[in-house]
Amino acid sequence: MKVEQNISLKPYNSFGIDVKAAYFAEFNNENEAVELLQEYGKYRPLILGGGSNILFKGNYEGIVLRNKIKGIRIVKENTTEAVIECGGGEVWNDLVNFAVSRNLGGLENLSLIPGSVGAAPIQNIGAYGVEQKDSFESLEAFLINKKTIQVFEANDCAFGYRDSIFKRTLKGNFVILKVRYRLSKFPVINTEYGAIREKLNALGVTAPGIADVSKAVTEIRKSKLPDPAIIGNAGSFFKNPVVSHEMFIHLKSQYPNIPSFPAENGIKIPAAWLIETCGWKGYRKGDAGCHIHQPLVLVNYGKASGNEIYNLSEEILQSVKERFGIVLEREVNVI
Ligand code: FAD
Ligand code: EPU
């Protein structure tokens, strides 16, 4: 395993922030991961997947360990279901395509989400009415402090909206090596999200299968979200806030057009609407900006520093707080 020193992380983060890591290495299997952690554990290890949910505010003075564990295979199946095991370093969308091409249903609404399979359970990725927890079977993680490999089943993970135990009590203390998903041989199509139905109608599909749903979601995403290969970004920068019913009634009396969605523990308000209403949509300062079509996405037009993006996020957060009394929570991991 090659350990490099003082290397640029620009190719390894979707914001395209040009910072350096003091040390950098890649691991292809769990033994390499464990060996690297044993040898370099004292240099504050940071596990990296596709770098599509991370903002580096400055150089990383420790060791960045990039997950390259590969392999996608069906490990169990019966007449109705199949369990797929996938290396944490696989590209998420390759796993989706593996499933869709075999007509195994459950992941199709999550088509084209950037990043690695190993990172998917961490914030319980979600889109178009589905979250990865809906098909999640189990994962294997190496616990850095305990120096052991542990299997986590769904009940152990405390999955929530963009949330899990890996963002909380286990934060910074684990490496996700492999993940298993349980998929259906008789897929139930989920077109609950209006945009999917509209897209399928536009494509002239009347009896959609999962490949059609995957195609529709892929097209919607391409039309809505900036491509990080062209404009640096990490998807939604903030989570959509959930407020109490009382708070919502109060806001609705002041802003009759406020959009809202029912949530488990209150009412979800689109952060994009809050940010747009505060006047940030399309805002640009230097190379840091708030996207012209989707204000929840902060962008790097070229040479913005991590601090410039972070400072813009702070200004947005303060203005939303002052105007609406809502404190936005960052979705992106700030390092
Ligand atoms: P990274 O950015 O590499 O890492 C994220 C965090 O996880 C870091 O803290 C890192 O240290 C840690 N980590 C990564 N891998 C491991 C591992 N194997 N073990 C331990 N820790 C690890 N997200 C959604 O939920 N829904 C969307 O619709 C969506 N759309 C997006 C669209 C765009 C254009 C972009 C750029 C991002 C979008 N995201 C979305 C966010 C992102 O795709 C997900 O959060 C994804 O799971 C990040 O994967 P990654 O491998 O790039 O993680
Ligand atoms: N809106 C505006 N102005 C805009 C755009 C949107 O006011 O310019 C409002 C509208 O009311 C719209 C609502 O925001 O109905 C929701 O917009 P959209 O459907 O684009 O979804 P989102 O809330 O911005 C969330 C996720 C995305 C996910 C999509 C689709 C979060 C934080 N973001 O975005 O996930 O792909 O729904 O399901 O939950 C990510 O996590 O990185 C991510 C991109």
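Observations concerning the site of ligand 1
Then comes step 1: Taken together, 32 residues lie near ligand 1, and Ile47, Gly50, Ser52, Ser116 and Arg221 sit nearest.
Then comes step 2: Within the backbone of glycine 49, an N or O atom sits 2.8 Å from an oxygen atom of ligand 1.
Then comes step 3: Contact between ligand 1 and proline 114: an oxygen atom at 2.8 Å from a main-chain N or O atom of the residue.
Then comes step 4: Secondary structure elements with two or more residues in the shell around ligand 1: β3 (46–48), β8 (126–127), β12 (174–184) and β13 (232–236).

Things to note about the site of ligand 2
Then comes step 1: Neighbouring residues of ligand 2: 23 residues in total, closest Tyr128, Tyr161, Glu276, Lys281 and Glu331.
Then comes step 2: The contact in question runs from an oxygen atom of ligand 2 to an N or O atom on the side chain of arginine 162, over 2.9 Å.
Then comes step 3: For ligand 2, an oxygen atom lies 2.9 Å from a polar atom in the backbone of serine 236.
Then comes step 4: Burial of ligand 2 by the protein amounts to 80% of the accessible area it has alone, namely 830 Å².
Then comes step 5: Those elements that place two or more of their residues in the shell around ligand 2 are α4 (210–224), β13 and α6 (271–277).
Then comes step 6: Per-element tally for the shell around ligand 2: the top contributor is α6, with three residues.

Regarding the sheet that holds strand β10 (residues 136–143)
Then comes step 1: Strand order in the open sheet formed by five strands is β6-β7-β12-β10-β11, and the pairing between neighbours is antiparallel. The open sheet terminates on both sides in strands that have one partner only, identified here as β6 (72–77) and β11 (148–153). Mean inter-strand twist for the sheet, computed between neighbouring axes without regard to direction, equals 20°.
Then comes step 2: Pairing of β10 with β12, which is carried by seven bridges, proceeds in the antiparallel orientation. Paired with glutamate 140 across the two strands is lysine 178, which belongs to β12.
Then comes step 3: Against the sheet, helix α2 (residues 92–101) touches β6, β7 (81–87) and β12, its axis set at about 45° to β6.

Observations concerning the pairing of strand β5 (residues 60–67)
Then comes step 1: Extensive coverage of β5 is indicated by the burial of seven of its eight residues.
Then comes step 2: Judged from the three bridges that link them, β3 and β5 form a sheet pairing that is parallel. Across the sheet, residue leucine 48 finds its bridge partner in β5, namely arginine 66.

Some thoughts on the domain arrangement of the protein chain
Then comes step 1: Here the protein chain is partitioned into domain 1 (4–67), domain 2 (72–224) and domain 3 (232–334).
Then comes step 2: Placing a centre on the C-alpha atoms of domain 1 and another on those of domain 2 gives a separation of 24 Å.
Then comes step 3: On the side of domain 2, 15 residues touch domain 1, which itself brings 10 residues to the contact.
Then comes step 4: Carbon and sulfur atoms make up 66% of the surface buried where domain 1 meets domain 2, a total of about 940 Å² over both sides.
Then comes step 5: When the buried surface of domain 1 facing domain 2 is broken down by residue, Glu30, Leu37 and Asn67 rank first, second and third, together holding 46% of it.
Then comes step 6: Run the count over domain 1 and domain 2 and you get three residue pairs in polar contact (both at pLDDT 80 or more).
Then comes step 7: A per-element tally of the side of domain 1 that touches domain 2 places helix α1 (residues 30–40) first, with three residues.
Then comes step 8: Of the residues contributing to the side of domain 1 that touches domain 2, the split by class is four nonpolar, five polar and one charged.

Definitions and cut-offs
- Residues numbered from 1 in each chain as written.
- Chains lettered and ligands numbered in written order.
- Predicted model: local features only at pLDDT ≥ 70, side-chain atom pairs only at ≥ 80, totals over all residues.
- Heavy atoms only, no water.
- Near = heavy atom within 4 Å.
- Polar contact = N/O pair within 3.5 Å; in protein donor to acceptor, adjacent residues only side chain to side chain.
- Helix = DSSP H or I, 4+ residues; strand = E, 2+ residues; numbered from the N terminus.
- Areas by Shrake-Rupley, 256 points an atom, 1.4 Å probe, with all protein chains shown as cover.
- Pairing = 2+ DSSP bridges.
- Axes fitted to C-alpha atoms, helices over the stretch in contact; angles between N-to-C directions.
- Contact = heavy atoms within 4.5 Å.
- Buried < 20%, exposed > 50% of the residue type's maximum accessible area, 1.4 Å probe, protein only.
- Domains from an automatic or database assignment.
- Buried area = accessible area lost by both parts, 1.4 Å probe.
- Nonpolar A, V, L, I, M, F, W, Y, C, P; charged D, E, K, R; others polar.

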